[in-house]
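Here's the letter readout for the chains.
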Amino acid sequence: MASGKRESFDNPVVEWIDSRLPLFTLMNKEYGVFPVPKNFNYFWNFGAIASFMLITMIVTGIILAMQYTANIHMAFDSVERIMRDVNFGWLIRYIHMNGASFFFIAVYIHIFRGMFYGSYKAPREILWILGVIIFLLMMATAFIGYVLPWGQMSYWGATVITNLFSAFPIIGEPIVTWLWGGFSVDNPTLNRFFALHYLLPFIIFAVVFLHVWALHVCGSNNPLGIEPQDKKDTLPFHPYYTMKDSFGLLVFLILFCAFVFFMPDALGHPDNYIPANPLVTPAHIVPEWYFLPFYAILRAITFDTNLVMLGGFGLMFMPFFWNVLAMLVKQFAKMDLPRFKAMTPKAPFLIGGLVVAGAGFALSGLIPLLTDVTIIEAKLGGVLAMFGAIVLWIFMPWLDSHPVRSAMFRPVFKTLFLILVVDFIFLGYVGSQPADAMLVGLPLSIFGLIATAYYFAFFVVVLPILSVTEQGKPLPKSIHDAVLSQHKAAKAAKK
Amino acid sequence: MDNMKHAIRFFLVILALSPAMAYAAGDAPHAPEQDWSFSGPFGTYDKASLQRGLLVYRQVCAVCHSMKHLFYRDLEALGYDEGQIKAIAAEYTVTDGPDDEGEMFERPARPSDKFKSPFANEKQAKAANNGALPPDLSLITKARHGGADYVHAILTGYEEAPEHVELLPGQNYNKYMPGHIIAMASPLMDDQIAYEDGSPQTVDQYAKDVAHFLTWAADPYMEDRKRTGIKVILFLLAFAAVMYAVKRKTWADQH
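Source: prediction; values computed, not measured.

What counts as what
Residues numbered from 1 in each chain as written. Chains lettered and ligands numbered in written order. Predicted model: local features only at pLDDT ≥ 70, side-chain atom pairs only at ≥ 80, totals over all residues. Heavy atoms only, no water. Domains from an automatic or database assignment. Contact = heavy atoms within 4.5 Å. Buried area = accessible area lost by both parts, 1.4 Å probe. Salt bridge = Lys/Arg side-chain N within 4 Å of Asp/Glu carboxyl O. Helix = DSSP H or I, 4+ residues; strand = E, 2+ residues; numbered from the N terminus. Disulfide = S-S within 2.5 Å. Buried < 20%, exposed > 50% of the residue type's maximum accessible area, 1.4 Å probe, protein only. Axes fitted to C-alpha atoms, helices over the stretch in contact; angles between N-to-C directions. Parallel < 35°, antiparallel > 145°, perpendicular 65-115°, else oblique. Nonpolar A, V, L, I, M, F, W, Y, C, P; charged D, E, K, R; others polar. Core = buried A, V, L, I, M, F, W, Y, C linked by side-chain atoms within 4.5 Å. Polar contact = N/O pair within 3.5 Å; in protein donor to acceptor, adjacent residues only side chain to side chain. Phe/Tyr/Trp six-rings, centres within 6.5 Å; stacked < 30°, edge-to-face > 60°. Lys NZ or Arg CZ within 6 Å of the ring centre and 35° of its normal. Patch = residues over 30% accessible without salt bridge, like charges linked within 9 Å, V, L, I, M, F, W, Y side chains within 5 Å. Areas by Shrake-Rupley, 256 points an atom, 1.4 Å probe, with all protein chains shown as cover.

1. Describing the domain arrangement of chain B
Residues and elements named next belong to chain B. Domain assignment breaks chain B into domain 1 (2-32 + 42-69 + 123-220) and domain 2 (71-113). With eight residues of domain 1 at the contact, the number on the domain 2 side is 10 residues. Carbon and sulfur atoms make up 58% of the surface buried where domain 1 meets domain 2, a total of about 840 Å² over both sides. It is Q51, R58 and W216 in domain 1 that bury the most area against domain 2; as a group they hold 59% of the surface buried on that side. Applying the counting criterion to the domain 1 and domain 2 interface returns one salt bridge. Of the charged contacts in the structure, one is a salt bridge between E91 and R58, with a shortest N-O distance of 2.5 Å. Those elements that provide at least two residues to the side of domain 1 that touches domain 2 are α2 (47-59) and α6 (203-218).

Printed below as a string of structure tokens:
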């Protein structure tokens with residue numbers, strides 16, 4: 001090692017290897033004595049669980065790939081052959097199918113935990129952004145994977161989703177043709193999807209490596225959201241968290257196995273057991289459950305965005321655009337422009353912008369040269385909103401500049417965030433319904449639009465405003481202090 | 001048991017927002033739930049019913065519907081021995097070849113052959129059925145909401161069309177078909193197939209037996225799966241309990 005210092009091992013074989021390639025030293029440093037805040041709750045298990053699911057998916061996926069045939073005439077039958085004639089093929093495939101769902105369950109909990117406890121805040125921005133990239137890669141991988149069995153939902157899901165790219169003006173159609181490798185979803189599409197479905201998990205693995213690396217540089221956040229100060233605040237990763245993670249993982253696996261062995265098709269769609277047929281469209285094309293909230297956002301945008309609305313949105317982000325401009329000016333013209341500070345109230349811009357955008361929407365098509373100029377058509381608006389809903393997460397560390405991390409000490413943030421979680425689940429419900437569904441006598445699409453509006457408002461309006469206005473409760477002196485007083489309170493309550 | 005069923009269903013909805021929800025309020029009435037021996041985590045197939053169901057399939061359904069994912073050898077799971085399977089297979093003639101002269105030839109089917117399809121290809125199947133394609137039945141209970149209940153409901157759901165519904169030639173009215181119009185004419189009648197084991201020779205019983213058989217055909221490893229699952233869950237429960245104790249012990253000095 002560079003420092004030349006390395007503690008020797010007693011076992012001669014381990015010592016022989018470690019003095020040549022310090023693998024054991026590395027593992028001990030990162031997973032043995034690595035200091036971890038001692039106050040984790042069970043929400044902190046889901047990183048380990050998600051890693052376990054990733055490995056499970058890669059292993060079962062490689063085995064399936066040995067039996068699968070990526071050809072439109074054979075794919076469906078080859079999957080059935082795996083289910084019927086390959087030894088334990090049914091088990092491997094059901095693990096892989098349900099594994100995708102449970103991977104997403106773990107990752108969703110992991111993401112919302114990060115949001116709740118402010119894990120995206122400095123110095124963990126890169127760690128957070130890598131996480132968002134992993135999620136985007138997972139979505140791509142899962143979508144492509146669902147196409148491979150070449151059932152009805154595979155085919156029509158692929159057709160609908162790849163067609164989204166045609167919403168982009170000029171380049172849209174060529175992109176779709178390029179993705180398909182032809183003029184419809186066909187054999188070339190299936191072949192490239194198979195190749196990508198094999199490739200992407202390894203890219204995910206690489207980004208997970210970076211994610212963990214970044215984690216081990218700045219250390220874990222914790223439920224209190226305050227940094228550990230000394231040894232009293234932390235515990236070595238092993239055995240404390242290796243044991244706790246193992247227990248949490250086993251509980252998760254019980255749930256997972258309940259699905260794999262007793263209701264393996266409950267999370268899938270029956271139509272995918274019908275071979276793909278380009279001439280018959282299913283009654284309702286629905287994506288896998290884990291895409292439903294985003295599918296609802298896609299379908300919520302049924303209106304064109306006119307010039308005034310776009311101006312309103314632009315006004316909302318004026319401070320951000322201005323700062324970017326100032327940065328560029330400083331870089332290239334060596335001139336200092338005044339900038340918006342993190343704590344400058346941005347509410348006037350946000351609310352002013354919203355009012356302008358709202359007025360533009362209400363007067364749509366009425367004012368010549370202003371509200372009758374369509375800039376973004378509804379279809380493209382939906383696509384942008386859907387991708388934007390995730391890309392937005394990348395900017396969370398800057399949208400939320402409140403100095404307090406954990407929602408435990410931010411009551412307003414906590415309430416509004418929990419509403420966001422409910423809102424997100426509700427969007428999932430909206431996405432699962434046919435487009436013309438009703439709820440309490442009103443078209444469901446209205447609720448979908450309101451839920452979508454809240455989703456975006458939370459990130460671009462609520463977070464920046466709360467950053468400035470929310471007082472926040474006093475933070476404990478240290479993790480150790482908080483844990484001690486909690487124990488005292490618990491003991492007192494018992495007496 | 002019913003409570004558990006409800007709990008599982010509730011859990012499903014909460015956990016997964018299963019797309020199945022989208023269909024809870026579809027346009028066709030929900031297929032009534034039947035009492036199946038294979039339901040629940042301990043459910044198994046009833047071999048007598050499977051054998052009767054095979055009989056119904058072979059005598060009635062197989063006239064139009066293929067089951068191309070099944071081999072005759074798979075019938076071992078129904079309780080037939082090798083000789084019986086050979087005899088069943090031998091009742092069908094399949095095309096094999098080419099032989100040493102390069103000619104295709106006909107021979108009796110063997111257990112290693114796949115179920116013989118009634119039509120040579122989709123076009124022929126459509127031509128013989130007024131342009132409607134009888135779906136392959138290998139996976140039918142997995143490919144429809146309601147599974148076996150749906151198959152049973154369709155087979156017993158034929159009715160006179162209400163007055164406002166006008167049927168074209170070759171169309172039939174079925175209570176449980178989405179959209180109510182179905183190309184298949186009511187295929188079953190009471191006493192149509194002779195059962196040797198004294199089971200009632202009713203449309204309802206035929207429908208139950210063939211739905212049972214088709215559930216097995218779509219999910220032949222269900223019994224293995226559930227048996228393995230019980231072992232796996234028990235193992236995981238025990239392992240989790242041990243790990244919980246280990247975790248408590250490890251953390252004891254911190255509490």
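2. Some words on the state of the cysteines
Residues and elements named next belong to chain B. Within this structure, the stated rule accounts for zero disulfides over all chains. C64 provides the cysteine sulfur closest to C61, a residue in no disulfide bond, and the two sulfurs are 9.2 Å apart. Using a relative accessible area of 25% as the deciding quantity, one classes C64 as partly exposed.

3. Comments concerning the environment of A:F104
All names here are of chain A. Within the element layout of this structure, F104 appears in helix α5 (residues 89-116). Each C-alpha atom of the pair F104 and A142 lies 9.4 Å from the other, and the pair is 38 residues apart in sequence. Apart from the residues lying within four places of it in its own chain, the contact partners of F104 are F135, M138, M139, A142, W289, Y290 and F291.

4. Remarks on the packing of helix α6 (residues 125-147) of chain A against helix α15 (residues 378-394) of chain A
All names here are of chain A. Interaxial distance between α6 and α15 falls to 8 Å at its minimum, and their mutual angle equals 155°. By the criterion of interaxial angle, the relationship of α6 to α15 is roughly antiparallel. Two secondary-structure elements touch here, α6 through W128, I129, V132, F135, L136 and M139 and α15 through I390, W393 and I394. Broken down by class, the residue content of the contact of α6 with α15 amounts to nine nonpolar, no polar and no charged.

5. Regarding the nonpolar core
In summary, soluble globular proteins display a tendency toward joint burial of nonpolar side chains. Residues A:F104, A:M115, A:F135, A:F294, A:W393, A:Y455 and A:F459 are the most contacted members of the largest nonpolar core, which totals 139 residues. With 16 residues, α5(A) is the largest single contributor of residues to this core. Core analysis: the next-biggest nonpolar cluster, separate from the first, contains 41 residues, B:V56, B:I85, B:L188 and B:Y195 among them.

6. Topic: the interface of chain A and chain B
Contact residues are listed per partner, giving 52 residues for chain A and 49 residues for chain B. Carbon and sulfur atoms supply 72% of the area that chain A and chain B bury against each other, a total of about 4500 Å² over both sides. Linking chain A to chain B there are three salt bridges. Where B:R73 meets A:D85, a salt bridge forms, and the shortest distance between an N and an O atom there is 3.9 Å. Counting the contacts that link chain A with chain B gives seven residue pairs in polar contact (both at pLDDT 80 or more). Listing elements by their share of the side of chain A that touches chain B, those giving two or more residues are α4 (75-84), α5, α10 (237-262) and α17 (411-432) of chain A. Of the residues forming the side of chain A that touches chain B, the biggest block, 17 residues, is contributed by α10(A). Looking at the side of chain A that touches chain B, its residues break down into 37 nonpolar, seven polar and eight charged.

7. Some details on the packing of aromatic side chains
The relation between two aromatic rings is expressed through the spacing of the ring centres and the mutual angle of the planes. Here the structure, examined in full by the defined rule, presents 62 aromatic pairs over all chains. Ring geometry for A:F9 versus A:F24: centroids 6.2 Å apart, planes at 65°, classification edge-to-face. Of this pair, A:F9 sits in the segment before α1 (12-20) while A:F24 sits in helix α2 (residues 23-32), and the two are 15 residues apart along the sequence. A centroid spacing of 6.0 Å and a plane angle of 75° characterise the contact between A:F104 and A:F291, whose relative ring orientation is edge-to-face. One end of the pair, A:F104, is in helix α5; the other, A:F291, is in the loop between α10 and α11 (292-300), and 187 residues separate them in sequence. Given a relative accessible area of 12%, A:F291 falls into the buried group. The side chain of A:R113 reaches across the aromatic face of A:W44, ending 4.4 Å from its centre. Positioned over the ring face of B:W251 is B:K247, at 5.4 Å from the centre of the ring.

8. Some points on a nonpolar patch on the surface
All names here are of chain A. Nonpolar side chains collect at one region of the surface, where F320, F321, V324, L328, F332, F387, V391, F395 and W398 lie side by side and expose about 900 Å² of accessible area between them. You can see W398 is positioned in helix α16 (residues 396-399). You can call W398 exposed: its relative accessible area is 52%.

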